[in-house]
Amino acid sequence: MSEASFPITLRVTVVGDSLEELTHEALSHGWEFFGDDAEVCVVSGEATLVQDSPHPYIACVVVRQVGTRLPDDTSDDGSHTHARSWLVRLPDEYGGQKTVNS
């Protein structure tokens, strides 16, 4: 019997004042879910502008674990998966796209 593996994604609802705040909140939930040693990234998100609210944006964000961080005192023996960088696509008003290095 073979074992199938598949990526697990976490969908969270976050509120905030900016794209950076929404991203930070979503990643915080990702670390709570996947663990402190997980490297996580935002896969996608859909934000809505909320009128008359203390935080103008509410978003449903998908977060995925992309790797595992090594403890500071452990050498890399090749048994861990690392996310060196990933591409973040942003709307044109935020500069289009950028590469984030871990």
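Residues numbered from 1 in each chain as written. Predicted model: local features only at pLDDT ≥ 70, side-chain atom pairs only at ≥ 80, totals over all residues. Heavy atoms only, no water.

(A) Just the overall build of the protein chain, in detail. Within the protein chain, the regular secondary structure consists of one helix and five strands. Written out in order from the N terminus, the α and β elements of the protein chain read β-α-β-β-β-β. Expressed as a percentage of the 102 residues in the protein chain, the buried residues total 22%. Here the contacts in the protein chain between residues at least 6 apart in sequence split such that 46% fall between residues at least 24 apart. For the protein chain, the exposed surface amounts to about 7500 Å²; the carbon and sulfur share of it is 49%. (Helix = DSSP H or I, 4+ residues; strand = E, 2+ residues; numbered from the N terminus. Buried < 20%, exposed > 50% of the residue type's maximum accessible area, 1.4 Å probe, protein only. Contact = heavy atoms within 4.5 Å. Areas by Shrake-Rupley, 256 points an atom, 1.4 Å probe, with all protein chains shown as cover.)

(B) Quick peek at the packing of aromatic side chains. Scanning the entire structure with this criterion turns up one aromatic pair. Here F33 and F34 contribute two aromatic rings whose centre-to-centre distance is 4.9 Å and whose plane-to-plane angle is 90 degrees, an arrangement assigned as edge-to-face. (Phe/Tyr/Trp six-rings, centres within 6.5 Å; stacked < 30°, edge-to-face > 60°.)

(C) Inspection of the nonpolar core at higher detail. The biggest cluster of nonpolar side chains holds 12 residues, and these are L10, V12, V14, L22, A26, L27, F34, A38, V40, A59, V61 and V63. Elements supplying a minimum of two residues to this core: β1 (9-16), α1 (19-34), β2 (38-49) and β3 (57-68). With four residues, the single largest contributor to this core is α1. Not counting residues up to four positions away in its chain, the partners in contact with V12 are A26, H29, A59, C60 and V61. (Core = buried A, V, L, I, M, F, W, Y, C linked by side-chain atoms within 4.5 Å.)

(D) Representation of the confidence of the model for the protein chain within the structure. Of the residues in the protein chain, 66% reach a pLDDT of 70 or more, and the chain-wide mean stands at 75. Model confidence for the protein chain, summarised as mean pLDDT per element, is weakest for strand β4 (residues 85-89) at 41 and strongest for β1 at 95. Low pLDDT (under 50) marks residues 79-90, which in the prediction has 42 contacts with non-local residues, meaning those over four places away or in another chain. With pLDDT under 50 throughout, residues 94-102 is counted as low confidence; its partners more than four residues away or in other chains account for 27 contacts. (pLDDT = per-residue confidence, 0-100.)

(E) How the structure looks around the sheet that holds β1. With antiparallel pairing, the three strands of this open sheet are ordered in space as β1-β3-β2. Looking along the sheet, the strands with just one partner apiece sit at the ends: β1 and β2. The average undirected angle you get between the axes of adjacent strands in this sheet is 30 degrees. For β1 and β3, the ladder comprises eight bridges, and the chain directions are antiparallel. Along β3, the bridge assignment pairs L10 with V63. (Pairing = 2+ DSSP bridges. Axes fitted to C-alpha atoms, helices over the stretch in contact; angles between N-to-C directions.)

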